[in-house]
Amino acid sequence: MTTPSPRTLAEELRNRSDSGLAGLLRSRPDLLNPVPGDLTQLATRAGTRASVVRAVERLDTFALQTAEALAVAPDPCPSAALAALMAGDAGDAAVAAELPRAVAALRAQALVWGPDDRLRLVRTARELLTPSAARPSPTGLGPTVAEATAGMSPGRLQEMIAAAGLPATHDPVSAVAALTALFADRPRMTALLDTAPADSVAVLDKLLWGPPYGAVTDRPAAHLRWLLDRGLLLPAGARNVVLPREAALHLRAGRAHRVPEPQPPVLAPVTERDPQLVDNAAASQAFTALATVEELLKEWDLGGPPVLRAGGLSVRDLKRTAVALDTTEQLAAFWLELAYAAGLIASDGEADERYAATPAAEDWLQLPDHERWAVLAAAWLPATRTPGVVGTADPKGRALAALGPHLDRSPAPEVRRRALTLLAALPPGASVPPAAILSRLRWERPLRGAAAAPGTGQPAAPEAATAPAPVEDLRSRLAQWTLTEAELLGITGRGALSAHGRILLGTSPDTETDTDTGTGPHAAHATARAAALLSPLLPEPLDHVLLQADLTAVAPGPLRRPLAEALGVLADVESKGGATVYRFTPASVRRALDAGRSAAELREFLTTHSRTPVPQPLAYLIDDVARKHGRLRIGAATAYVRCDDDALLAEILADRRAATLRLRRLAPTVLAAQTSPDQLLDGLRAMGYAPAAESAAGDVLIARADSYRTPPRTAPAPVPDGPPSPDRTLLEAAVRAIRAGDLAATAERRPVPAGPSAPGALPRTTSAETLATMQAAVLTSSPVWIGYVNADGAASQRVIAPVRVEGGFVTAYDHTSDEVRTYALHRITGVSELADDSV
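Every value quoted in this text rests on a predicted model; they were computed, and no experiment measured them. (Residues numbered from 1 in each chain as written. Predicted model: local features only at pLDDT ≥ 70, side-chain atom pairs only at ≥ 80, totals over all residues. Heavy atoms only, no water.)

J.: Please set out the packing of helix α16 (residues 275–299) against helix α18 (residues 329–341) residue by residue, giving values where relevant.
T.: At a closest axis distance of 10 Å, the pairing of α16 and α18 adopts a crossing angle of 80 degrees. Viewed along their axes, α16 and α18 adopt a mutual orientation that is roughly perpendicular. Every residue of α18 that contacts α16 at A289, T292, V293 and L296 is listed here: W335, L336, L338 and A339. A breakdown of the residues in the contact of α16 with α18 according to their chemical character gives seven nonpolar, one polar and no charged. (Axes fitted to C-alpha atoms, helices over the stretch in contact; angles between N-to-C directions. Helix = DSSP H or I, 4+ residues; strand = E, 2+ residues; numbered from the N terminus. Parallel < 35°, antiparallel > 145°, perpendicular 65-115°, else oblique. Contact = heavy atoms within 4.5 Å. Nonpolar A, V, L, I, M, F, W, Y, C, P; charged D, E, K, R; others polar.)

J.: Explain unusual backbone geometry to me, using residue names and the numbers behind them.
T.: Here the residue pair G210 and P211 is connected by a cis peptide bond, since its omega of -5 degrees sits within 30 degrees of zero. Looking at the secondary structure, you find P211 in the loop between α13 (198–207) and β3 (213–215). The residue after A268, namely P269, is reached through a cis peptide bond having omega -5 degrees. Mapped onto the fold, P269 is located in the loop between α15 (245–251) and β6 (271–272). The backbone phi angle of A253 is positive, close to 60 degrees, even though this residue is not glycine. In this structure, A253 sits in the loop between α15 and β6. For A253, a relative accessible area of 30% translates into the label partly exposed. In this structure, D326 takes a positive phi of about 55 degrees despite not being glycine. Tracing the sequence through the fold places D326 in the loop between α17 (315–325) and α18. (Buried < 20%, exposed > 50% of the residue type's maximum accessible area, 1.4 Å probe, protein only.)

J.: Outline the packing of helix α20 (residues 369–380) against helix α23 (residues 474–489), listing residues and values.
T.: For the pair α20 and α23, interaxial distance at closest approach is 11 Å and the crossing angle is 170 degrees. Accordingly, the angle class assigned to the pair α20 and α23 is roughly antiparallel. Residues W373, L376 and W380 of α20 touch α23, and the partners they reach there are T482, E485, A486 and L489. In terms of residue class, the contact of α20 with α23 is built from five nonpolar, one polar and one charged.

J.: Pulling in residues and values, what's your account of the sheet that holds strand β14 (residues 572–575)?
T.: Strand order in this open sheet of four strands is β12-β13-β15-β14, and the pairing throughout is antiparallel. The sheet terminates laterally at β12 (546–548) and β14, the two strands that pair on one side only. Across the sheet, the axes of successive neighbouring strands diverge by a mean angle of 30 degrees, strand direction being ignored. Strand direction decides the pairing type here: strand β13 (residues 552–555) and strand β15 (residues 580–583), joined by four bridges, are antiparallel. From the neighbouring strand, A555 faces β15, where its bridge partner is T580. (Pairing = 2+ DSSP bridges.)

So this is what it looks like as structure tokens:
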């Protein structure tokens, strides 16, 4: 016995397997919010405009071309007619081979339903994809003869069919049918066009692939009049004409698209490299990324720049940050956004709001290098904030600021993961040009409207059809930024995906959420494994430097953190790169002495951590600065200076440079100043002295490196591009609930004594009838259909199998929720037995 053809989309969904329904819900997760009550609700929701638009935008190029062909085909469309539209009269083996896959993809997403001999495009999708004057189709086709001649006078129709050599008809409907049949008849249409003037054929060639609209004057030329008289150009307004769809298809040899694209572009040319070289290059860049972020945190250690009133970082502060990081402003925005996404920097939330490192930054700095890289990579992969748009204008014409609002671009995580997945499909160490990646991504998610003419909706003159201008879409820019940022983070090396980058992308096949968003336990496990693989490739921190006679120290590699911090106090960084050069100056040595180190401790520190002897000039510098350090003591009166050497104090008083400090002698060894201790300290140091600050008790104050941190802050949450993809557990539960709800909605019921209810209404029975029917169902183990009103007043229909009736409650297995529940008898509006073959 053959299965009857479905009459509606709901009936087709009802005939699908559970795996088929799960596939639909997985590909269109918006249908799950909330879970439909039955398959009719699911079909209705699948046909809503917002849901259809989202589904159409996720089609690949060939599936979209197939849907566009169905939109201009008769409804319903036999598969043979669809094949003719896609491959043309001459046929195309590649198109014929891929067309079943495209139709299956459309059917799986509930955009197409019906058997192969009666394919139907969902009505909303047809409305979206059908060409019109206001919304041209990428096919470049215009309206049908019937649509273009709607409202035309019967006399004008008769004139057209007469000029085309057709016999007169008795009514407009048959006249339109005759003209349509002529244009669709290949031999007759060829014979008609053979009689056309050359200029007329040239006009048709210009309108052939779209846009099909053109403008004419009140007195068209003879070659245009020839086309207008025979209906090959039909009126589309006061002075506009259009090439009817049937005529265009004849001129195109039956093809709906100029260039069908059944196969994705090949990723080529492929450049092969040694995978180990790629991994080493990626590891080197990963270490540079860690150093850059660490330098950013160090730059903002005492507090960063202020927050703009509208949010974000000012252009001036972005430039200063770029100079501090020795990079461009665009790359500085990337490092800022990366640190922000990882929760390492944030605004402090004070009245004079400014940016600063967060407490999480302290913990991050203490982690091993490979774990610090994992934090950055895990924050980057699912992030929706897009630093590439910094500096561009928002819809209101205002420049977008780094760390500011409106930087989220929801498609970013999907594009980012897909671009890297394409690289993962290549052999280890292999790379392709970025243009090849962009071409593949455009095929997978084509631009909607990219093939429309400039000035959509405005007809062009038949004498000068214009090709569409190229469009730089957001997805292409996101892909370009992805390839650049992945290289900066060390996920790729020399354009190829590294071994740890491949593991970073790996997710469990059980969880689709990880694949789409890069979050979840499986993604965290993959990130940890990638970091472990990267760890041996990162340079090992060193515990030594090389002291040189020119008062510099060379660190031949990354230093251990305690050594780097101590050396950063004792010397100034002169240059960075593969080796870091530190320079010792009187100011840097004094800084170390202010931090509580003695000259002997400094010499011992250098001797311990240097592979070369301490040069004599450096030892003299330390001793000379230490000898002068602290001879002068500055405290708070307003401020005072004391010194055991009264001659030195007299020298200071006699110095003209001390006039601004307004000093006066209080005692042979004490001077008073009408300025603050800090200003006095800086002033005397500017004069070449080496004073030290002291406390009220007379002890030397040690200047420790200070830091400013924000209160605890959470990293910004990505803005999802629609609902997240459901996992397997949710899909299975949703399919069971929809099936059970459909059973409750469609099960055949036996009529109750009170009479049949209206379609869709809750059953109505008396309390006695309800109790009796329930007790009988318990004895016979029969399912029943009930109407139930819960405590919130929400009414629903359910199919249950009663197990026990006592104390005013019914315990039953609920087919709708697939679990055992208890129902209050007084809340059951009515009950009806199911027909014998309903379950």
